[in-house]
Amino acid sequence: MEKGVLSRSPLKVGIAALLGVGIGLVATVARADGLETLKPGVLQVTIEPYMPYTAMKDDKLVGLDSGILAAVADKLGLKMDVSVTDFPGMLASVQSRRADITIGGIAWSDARQKVGLFTDPPYYSPPAMAVQGTADYPDVKSLEGKDLGTVTGYVWAKSIAQVPNATPHTYPSADSVFQDLSSGRLDVGFLDPLLIIYQQKERPDMKFRVAYLAPPTADQVKAHPDYQYFQPYMTGFYLPKEAPKLAKAVSDQIDAMYKDGSLAALVTKWGGDPKQFLVPSPEMAAQRRGVDRRADWSPPSIAP
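A. Region of interest: the nonpolar core. Among the nonpolar cores identified, the biggest contains 83 residues, and I68, M129, L143, F178, F190, L191 and F230 are the most heavily contacted of them. With residues up to four places along the chain from it excluded, the contact list for F190 reads A128, M129, L143, G149, T150, W156, I160, L213 and F230.

Below, the structure written as structure tokens:
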């Protein structure tokens, strides 16, 4: 044995390793119990079937948001208990505190944050459209006089209602939007971009295409405030007002996933471009500063 080097018996090393694991496990359990979940150690989640963001398949939660939340829950030492409903039911379950969290392309809005808590954005969503036929809709003005559709409760319901001479339609599900697009009853459907890409691959027979809308100008938004939802928007996981510790813990894990590359890997896996989905637009910080974030808050980003 070299001088100055202490030997450790295998038994002592084994006991020390076991104690270390035990201490780590206790710390994780203690952290989980310190969060405001309805059941200790269990995260009660509500979703709607909304691939490639969220769905249950073979009793497993799948999709982009699902993968993000699974990683977060694992870090926090929480098991997940998932319930399936529709989009209005998702929001209501959180606002009435019948669930701990809901996920799936949920857009941050001032109205929603007043009755619930949003995490930091797990990703950002560019303004995408599902378009029937060969016509081009490069900007908001080109939508005037058209049949426009989205899902009931989505932020675009307010936006399409403000387009002059357009006929707005709202539907109970994205499937209904796609059906009316395919049949020609709709000109444009406003849905989340990855959903449109996913549906186009799954159902090429429906003959619609993906297009991106140029964001409205500041003057247009001033004249029509709900045009703001035609701009890129922040998504978030949505929690009850009574769960600020849980919301912060989830946000902290999301922020860490921006830094370690795991978010970029998940976005890529589900068909998105990390440069579009993980870099905020300049106006996003101002939307939340002094509203549900500190005055110096900056949205997370993969950009240096």
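B. Local environment of helix α10 (residues 262–269). Taken as a whole, α10 has its buried residues at L263, L266 and V267. Projected down its long axis, α10 shows its buried positions confined to an angular sector of 100 degrees, all on one face. Among the structural elements, α2 (64–76), α9 (244–260) and α11 (274–277) are those in contact with the buried residues of α10. Backbone geometry just downstream of α10 places G271 in the positive-phi region, at approximately 95 degrees.

C. Representation of the packing of aromatic side chains within the structure. The tally for this structure, following the rule as stated, stands at 11 aromatic pairs. When the ring of F118 is compared with that of Y238, the centres are 4.7 Å apart and the planes differ by 40 degrees; the resulting orientation is tilted. With F118 in strand β6 (residues 117–118) and Y238 in strand β14 (residues 238–239), this residue pair connects regions lying 120 residues apart in the sequence. Considered together, F118 and Y238 belong to a single accessibility category, that of buried residues. A connected cluster of aromatic rings, assembled from ring pairs, spans Y50, Y53, F87, Y123, Y154, W156, Y233 and F277. It is R293 that lies over the ring of W297; its NZ or CZ is 5.8 Å from the centre.

D. Main features of the sheet that holds strand β10 (residues 167–171). Spatially, five strands are ordered β10-β9-β11-β8-β12 in an open sheet, and the strand pairing comes out mixed. Lying at the two open borders of the sheet, with one neighbouring strand each, are β10 and β12 (208–212). The mean angle between the axes of side-by-side strands here comes to 30 degrees, regardless of whether they run parallel or antiparallel. One ladder, built from two bridges, connects strand β9 (residues 147–151) with strand β11 (residues 188–190); its direction is parallel. Each residue of the ladder has a partner; that of L148, found in β11, is V188. Against the sheet, helix α6 (residues 174–183) makes contact with β8 (128–132), β9, β10, β11 and β12, and its axis sits at roughly 35 degrees relative to β8, the strand it touches most. Relative to β12, helix α7 (residues 193–202) is tilted by about 155 degrees, and along the sheet it contacts β8 and β12.

E. Representation of the side chain of D65 in the model. You can see D65 is positioned in helix α2. D65 has contacts with Y53, T54, I103, G104, G105, Y123 and F237, leaving out every residue within four places of it along the chain.

F. The packing of α2 against α9, seen in detail. Between α2 and α9, whose axes approach to 10 Å, the crossing angle comes to 115 degrees. By the angle between their directions, the pair α2 and α9 is classed as roughly perpendicular. Once α2 is placed against α9, the crossing between them reads as right-handed. On α9, the residues touching I68, A71, V72, K75 and L76 of α2 are A249, V250, Q253, I254 and M257. The class makeup of the residues in the contact of α2 with α9 is eight nonpolar, one polar and one charged.

Rules used in this analysis
Residues numbered from 1 in each chain as written. Predicted model: local features only at pLDDT ≥ 70, side-chain atom pairs only at ≥ 80, totals over all residues. Heavy atoms only, no water. Core = buried A, V, L, I, M, F, W, Y, C linked by side-chain atoms within 4.5 Å. Buried < 20%, exposed > 50% of the residue type's maximum accessible area, 1.4 Å probe, protein only. Contact = heavy atoms within 4.5 Å. Helix = DSSP H or I, 4+ residues; strand = E, 2+ residues; numbered from the N terminus. Arc of directions from axis to C-beta. Phe/Tyr/Trp six-rings, centres within 6.5 Å; stacked < 30°, edge-to-face > 60°. Lys NZ or Arg CZ within 6 Å of the ring centre and 35° of its normal. Pairing = 2+ DSSP bridges. Axes fitted to C-alpha atoms, helices over the stretch in contact; angles between N-to-C directions. Parallel < 35°, antiparallel > 145°, perpendicular 65-115°, else oblique. Left-handed = near helix turned anticlockwise from the far one by under 90°. Nonpolar A, V, L, I, M, F, W, Y, C, P; charged D, E, K, R; others polar.

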